[in-house]
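Secondary and tertiary structure notes
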Amino acid sequence: HLVRPVPFLYPLRHRVWERAFVGAGIALYDVLATLRRGKRALPWHRHLSRADLDRVFPDLSARAAVGAIEYWDATVDDARYVTTLVRTAAGYGAQAATRIQVVELTKNGAGVVDGALLRDLETDRVIAVKARHVISSTGVWTEQSQALAGETGGLRVLASKGIHIVVPRDRIEGDAGLILQTKKSVLFVIPWSRYWVIGTTDTPWTEDLVNPAAHARDINYVLDEANAVLEKALTHDDIIGTWAGLRPLLQPGTKDGTASEKVSREHAVASPVPGLTVIAGGKFTTYRIMARDAVDFALGAEAAAARPSITQTLPLVGGRPSTDGAPGALARQFGWDAAMVDHLLHRYGSDIRDIAEICDRDETMSRPLEHAPAYLRAEIAYAVSHEGALHLEDVMHRRTRMVYEYADEALAALPEVARIVAGELGWSDARRDEEVAAYTAVADAVAAAARASDDSEAARARAAA
Ligand SMILES: Cc1cc2nc3c(=O)[nH]c(=O)nc-3n(C[C@H](O)[C@H](O)[C@H](O)COP(=O)(O)OP(=O)(O)OC[C@H]3O[C@@H](n4cnc5c(N)ncnc54)[C@H](O)[C@@H]3O)c2cc1C
């Protein structure tokens, strides 16, 4: 329910050779994406003429394309996916904790890693946990976290920043995504429910890893590349949101002192010291393979062969077909329109019934937020009661994407969201005001960073909150 197929257009500038050349590449992509003979998750690619383009993507400028090839890919809200994944693991007995930082990896007398010291960032309390084996999968923090064992070996990972901008859906007339070849790499223009997501960039990031930030040059680059093909140019005023992320880029080889390693084309697993497995690299879309490889490596070949991974057969919570709480009946009961039902099914799948339960208990929860009407009030309560949100930032940035779906970091919706979260978490009025102030300060810092001209200036501006 979280993943949506999306058609993309690869615009062609030359009539014959480019169509043959790119068409062959995309046909190969289609073959590789075939699950098994005759079974595909996505439709096959097709060739479009300029006349077809005028119908499918009227805002793709005539100077930018004489035709296009349409192929299919998919989109997913990664934060939503990760939350759902963690809840699935918890359903199988995993202990999950947010805002807990590993500050040290402990070792026994034989020098084998046997646990960790964890700092609860909410209370500053340090907790010692014992473990038969520790697996570290910390993305761009890989080098820092493997060093917590006090050893020098392990993987080499660099951080590369990518930014996106968001513009309202009605700003670009088109029914497909675009993949555009740029001088440096590629740029995607992606239709995403009520808006377009446009990006990305790919630049080394050497500032604070916690808060990567988009600056004015990043944003101008994305605007310029998109405007090179759009009929009606986008301006800064069209942008309702921006965000930046860091890709963990695996570097060749391992550090001296690495005890053992297993490198695939995309990711690597290594053991800098007995008792510790480190995994890094890969892609979001390869996470199940990465998880299998990390656990198998930690178990050792013999134990892994005796207990093969079953990850590929495990559905995520909300992903099981459900017979009760049919969406049509819920829509009639609560007065939701088709767009709202689609939104809820996309976010919660069969767990839509949990949202309905919240609405059953309190009818006001079945209504949309006044200043962010794509979301129900119940979703805010659910983010706290079912999805572990502890702060307004958790709700606005990750459990929902309000921060970039509504202008001004969705500040207009904040008071109503804060009242609901306060009710769920039992905040006093003073605590609620503090949380609102903290969210507003982050919004101001992100806006200040967006006016900066380079990474270090943007990082300084972002660090203000
Ligand atoms: C702009 C952009 C576009 C992308 N597009 C795609 C795409 O289209 N398809 C795709 O497949 N992939 C894509 N990726 C890549 C994908 O997002 C990453 O590969 C993936 O998020 C990496 O996951 P990870 O778990 O290794 O690292 P992360 O997602 O960075 O997670 C690491 C986690 O470790 C935690 N951590 C670090 N240190 C500690 C500590 N000491 N104690 C406790 N926790 C700690 C961090 O808080 C963090 O939550 C994109 C990335 C970017 C930036």
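Residues numbered from 1 in each chain as written. Predicted model: local features only at pLDDT ≥ 70, side-chain atom pairs only at ≥ 80, totals over all residues. Heavy atoms only, no water.

**Section: the site of the ligand**
Surrounding the ligand, one finds 17 residues, the nearest of these being Val102, Gly139, Lys283, Phe284 and Thr285. Measuring from an oxygen atom of the ligand, one finds a backbone N or O atom of Phe284 at 2.9 Å. Contacts to the ligand include Thr285, whose side-chain N or O atom sits 2.9 Å from an oxygen atom. In isolation the ligand offers 1,000 Å² of accessible surface; the protein chains occlude 63% of this area. For the shell around the ligand, the elements supplying multiple residues, two or more each, are β6 (100-107), β10 (154-168) and β15 (241-255). By residue number, the principal contributor to the shell around the ligand is β15, which donates four residues. Here the shell around the ligand is composed, by residue class, of six nonpolar, nine polar and two charged. Among the domains, domain 1 (3-76 + 159-247) and domain 2 (93-153 + 256-313) are the pair contributing at least three residues each to the shell around the ligand. (Near = heavy atom within 4 Å. Polar contact = N/O pair within 3.5 Å; in protein donor to acceptor, adjacent residues only side chain to side chain. Areas by Shrake-Rupley, 256 points an atom, 1.4 Å probe, with all protein chains shown as cover. Helix = DSSP H or I, 4+ residues; strand = E, 2+ residues; numbered from the N terminus. Nonpolar A, V, L, I, M, F, W, Y, C, P; charged D, E, K, R; others polar. Domains from an automatic or database assignment.)

**Comments concerning the sheet that holds β6**
If you trace the three strands from one edge of the open sheet to the other, you get β6-β7-β8, paired in antiparallel fashion. The sheet is open, and its two edges are formed by β6 and β8 (126-130), each paired on a single side. Averaged over all pairs of adjacent strands, the angle between strand axes in this sheet comes to 25°, irrespective of strand direction. In this sheet, β8 lies alongside strand β7 (residues 113-120) in antiparallel orientation, the contact comprising five bridges. Across the sheet, the residue bridging to Leu117 is Ala128, located in β8. (Pairing = 2+ DSSP bridges. Axes fitted to C-alpha atoms, helices over the stretch in contact; angles between N-to-C directions.)

**Remarks on the pairing of strand β12 (residues 186-192)**
Bridge count between strand β11 (residues 177-181) and β12: four bridges; the pairing is antiparallel. Residue pairing across strands places Gln181 opposite Val186, the latter belonging to β12. Direction of pairing for β12 relative to strand β13 (residues 195-199): antiparallel, over a ladder of five bridges. Within the sheet, the bridge partner assigned to Val189 lies in β13 and is Ile198. Connecting the antiparallel pair β12 and β13 is a turn made up of two residues, with Ser193 showing a positive phi of about 40°.

**Remarks on the pairing of strand β17 (residues 267-273)**
Within β17, seven of the seven residues are buried, leaving the element largely enclosed by the surrounding structure. Where β17 folds back onto strand β18 (residues 276-281) in an antiparallel hairpin, the turn is made up of two residues, including Gly275, whose phi is positive at roughly 95°. (Buried < 20%, exposed > 50% of the residue type's maximum accessible area, 1.4 Å probe, protein only.)

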